[in-house]
Amino acid sequence: MKKIFSLIVALFVFVAVSYAQKGVLKFTQETHDFGKVEQGKPVTYVFEFKNTGTDPVVINDAQASCGCTKPSFSREPVMPGKVGSVSATYNAASAGPFNKSVTVTSNAEAGQTVLYLKGEVVAAGAAETAAAPASTPSKDKKKSTKTSR
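Residues numbered from 1 in each chain as written. Predicted model: local features only at pLDDT ≥ 70, side-chain atom pairs only at ≥ 80, totals over all residues. Heavy atoms only, no water.

Overview of the nonpolar core
Part 1 of the reasoning: Formed by 24 residues in total, the largest nonpolar core has its most connected members in Val-86 and Leu-117.
Part 2 of the reasoning: Mapped by element, the contributors of at least two residues to this core are β1 (25–27), β2 (31–38), β3 (43–51), β4 (59–64), β6 (83–90), β7 (96–106) and β8 (112–122).
Part 3 of the reasoning: For this core, the leading source of residues is β3, giving four residues.
Part 4 of the reasoning: Excluding anything up to four places from it in sequence, Val-86 contacts Phe-27, Tyr-45, Val-46, Phe-47, Phe-49, Ile-59, Ser-72, Phe-73, Val-104 and Leu-115. (Core = buried A, V, L, I, M, F, W, Y, C linked by side-chain atoms within 4.5 Å. Buried < 20%, exposed > 50% of the residue type's maximum accessible area, 1.4 Å probe, protein only. Helix = DSSP H or I, 4+ residues; strand = E, 2+ residues; numbered from the N terminus. Contact = heavy atoms within 4.5 Å.)

Here it is as structure tokens:
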């Protein structure tokens, strides 16, 4: 009976230790809003992450939700405490709002992480107007006010 109990305890400890030693991807941001994007000009955002686990993390794949988004990632292992990145480029060919996803598959604890890109594709002139800072109002001449006493 003592041997069986010892075997069960040893097995439990082995399983617990093997699960505890995994890489963990901690993204600084999982959604990026481009705002207004000029039609026909691709836009790229780089999602950065840190490996907060105890084992190296290897990204196996990054799949976009459609052909208009192209993800890329580093193929080298990201050691514990180090930083890695996944970049995603959106084509911006069709006018209108967009919400695209990139599914990152790795050997990390969670296995898969979904990253999102969103914004609105507008005509070239409209994007420049939206990106330009608002003009400063001209200073009005001081108005004299009469006070009656």
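Topic: the state of the cysteines
Part 1 of the reasoning: Going through the model one piece at a time under the given rule, you end up with one disulfide.
Part 2 of the reasoning: The residue that forms a disulfide with Cys-66 is Cys-68, at a sulfur-sulfur distance of 2.3 Å. The sign of the S-S torsion, about -60°, decides the handedness of the disulfide formed by Cys-66 and Cys-68: left-handed.
Part 3 of the reasoning: On the basis of relative accessible area, Cys-66 is assigned to the partly exposed category, the value being 24%.
Part 4 of the reasoning: Here Cys-68 falls in the partly exposed class, since its relative accessible area comes to 22%. (Disulfide = S-S within 2.5 Å.)

Quick notes on the packing of aromatic side chains
Part 1 of the reasoning: This model, assessed by the stated rule, comprises four aromatic pairs.
Part 2 of the reasoning: Three or more aromatic residues link up through ring pairs in this structure, and these residues are Phe-34, Tyr-90 and Phe-98. (Phe/Tyr/Trp six-rings, centres within 6.5 Å; stacked < 30°, edge-to-face > 60°.)

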